[in-house]
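Next come the chains, spelled out residue by residue.
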Amino acid sequence: MGASQTRSVSKYQDLSDRTGFSPEQIKNLHKRFQHLSGNEETISRENLDKIPALNNNPIKKQIVEAFFDKRNQHQNEVGSFEEIGFEQFLMVMSHFRPPTLRLTDEEKEGLRKEKLRFLFNMHDTDNDGTITLEEYRKVVEELLSKSGSIGLEAAKAIADAAMLEVASTNVPHMAPDDFYEGITFEHFEQILKGLEMESRMHIRFLDVDTTTMRCGKSTS
């Protein structure tokens, strides 16, 4: 084995340790990355915008932006990248891995929180730690109005009513004139408390089925 190949294997193993993907899975994802980037070292929003499977997705913009959001790099940075390299691409993809059967309860809870944080970041578009009514409206409007069965004003009204429902749940003693600043991550966790999402949050628009890319301890 040559020195170059040895370095490649070592790099894949390092990425495997950091993301939970196997070296073989990382190799396949790298091929997909090269296809998207046109064999360049980085990809841009324009590269992801051209993916045909995303064209009719009502939250296409949020999905694309998630790849360039620094908060999704398992670090404490905020802001966004103009372009991302393969390692950054892989870090975002790792949020979509389903759990293995051999994870401990503590590891499962950590994985769930990681996925919830990723979803929260998609809605918290200004990075202020709160999903405001305006941010929530945009998501609901896109989800409903693009279906063709409901108008923009009706979508706004549904978003407003949903936010009021969230407010009454999380701040039950609000006075009529009180202003609900928005959904914090703690509120977001509470709202989705009963939803089993660890194995449901996956992605296929990159021609990669992450439901087969298990994370955590090996089942072999």
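First, a word on scope: everything that follows refers to the structure included in this document. What you see is a predicted model; the values in this text were computed from it and never measured. (Residues numbered from 1 in each chain as written. Predicted model: local features only at pLDDT ≥ 70, side-chain atom pairs only at ≥ 80, totals over all residues. Heavy atoms only, no water.)

Notes on the overall build of the chain
A count of helical and extended segments in the chain gives nine helices and four strands. Helices and strands in the chain line up, N terminus first, as α-α-β-α-α-β-α-α-β-α-α-β-α. The 220 residues of the chain split such that 40% are buried. Of all intrachain contacts in the chain linking residues separated by at least 6 positions in sequence, the fraction that spans at least 24 positions is 59%. Counting every atom, the chain has about 12800 Å² of accessible surface; 50% of that belongs to carbon and sulfur. (Helix = DSSP H or I, 4+ residues; strand = E, 2+ residues; numbered from the N terminus. Buried < 20%, exposed > 50% of the residue type's maximum accessible area, 1.4 Å probe, protein only. Contact = heavy atoms within 4.5 Å. Areas by Shrake-Rupley, 256 points an atom, 1.4 Å probe, with all protein chains shown as cover.)

Some points on a negative patch on the surface
A cluster of acidic side chains, namely Glu40, Glu41, Glu46, Asp49, Glu82 and Glu83, defines a negative patch on the protein surface. Secondary-structure assignment places Glu82 in the loop between helix H4 (60–66) and strand S2 (83–85). Residue classification places Glu82 among the exposed residues on the basis of a relative accessible area of 65%. (Patch = residues over 30% accessible without salt bridge, like charges linked within 9 Å, V, L, I, M, F, W, Y side chains within 5 Å. Salt bridge = Lys/Arg side-chain N within 4 Å of Asp/Glu carboxyl O. Lys, Arg positive; Asp, Glu negative; His and termini not counted. Charge placed at Lys NZ, Arg CZ, Asp CG, Glu CD.)

Observations concerning the nonpolar core
Residues Leu48, Phe67, Phe86 and Phe89 are the most contacted members of the largest nonpolar core, which totals 26 residues. For this core, the element with the most residues is helix H5 (residues 86–93), which contributes five residues. Within the second largest apolar cluster, eight residues are counted, among which are Leu116, Phe120, Ile183 and Phe188. (Core = buried A, V, L, I, M, F, W, Y, C linked by side-chain atoms within 4.5 Å.)

Points about the packing of aromatic side chains
Inspection of the entire model under this criterion finds seven aromatic pairs. Judged by centre distance (5.6 Å) and plane angle (65°), the ring pair of Phe33 and Phe86 falls under edge-to-face. Taken together, the positions of Phe33 in helix H2 (residues 23–37) and Phe86 in helix H5 put the pair 53 residues apart, joining distant regions of the chain. The pair Phe33 / Phe86 is uniform in exposure class, with both members buried. (Phe/Tyr/Trp six-rings, centres within 6.5 Å; stacked < 30°, edge-to-face > 60°.)

Quick word on the environment of His30
Its location among the elements puts His30 in helix H2. Classification of His30 by relative accessible area gives partly exposed; the value is 22%. Residues His30 and Phe86 lie 56 residues apart in sequence; the distance between their C-alpha atoms is 6.9 Å. In this structure His30 touches Tyr12 and Phe86, once residues within four positions along its chain are discounted.

Considering the side chain of Arg71
Along the chain, the position of Arg71 falls in the loop between H4 and S2. One polar contact links the side chain of Arg71 to the main-chain carbonyl oxygen of Asn121, over a distance of 3.0 Å. Looking at Arg71, its side chain comes within polar contact range of the main-chain oxygen of Asp124, at 3.0 Å. With near-sequence residues (within four places) excluded, Arg71 lies in contact with Glu77, Val78, Asn121, Asp124 and Asn127. (Polar contact = N/O pair within 3.5 Å; in protein donor to acceptor, adjacent residues only side chain to side chain.)

A look at the packing of H2 against H5
Relative orientation of the contacting elements H2 and H5 amounts to 115°, with a least axis distance of 11 Å. You can see that H2 and H5 cross each other, and the crossing is right-handed. Note on element contacts: H5 touches H2 through Phe86, Phe89, Leu90 and Met93, opposite Ile26, Leu29, His30, Phe33 and Leu36. Per-class residue counts for the contact of H2 with H5 are eight nonpolar, one polar and no charged. (Axes fitted to C-alpha atoms, helices over the stretch in contact; angles between N-to-C directions. Left-handed = near helix turned anticlockwise from the far one by under 90°. Nonpolar A, V, L, I, M, F, W, Y, C, P; charged D, E, K, R; others polar.)

Some thoughts on unusual backbone geometry
Notably, Asn39 is not glycine yet its phi reads approximately 65°, a positive angle. Its location among the elements puts Asn39 in the loop between H2 and strand S1 (42–44).

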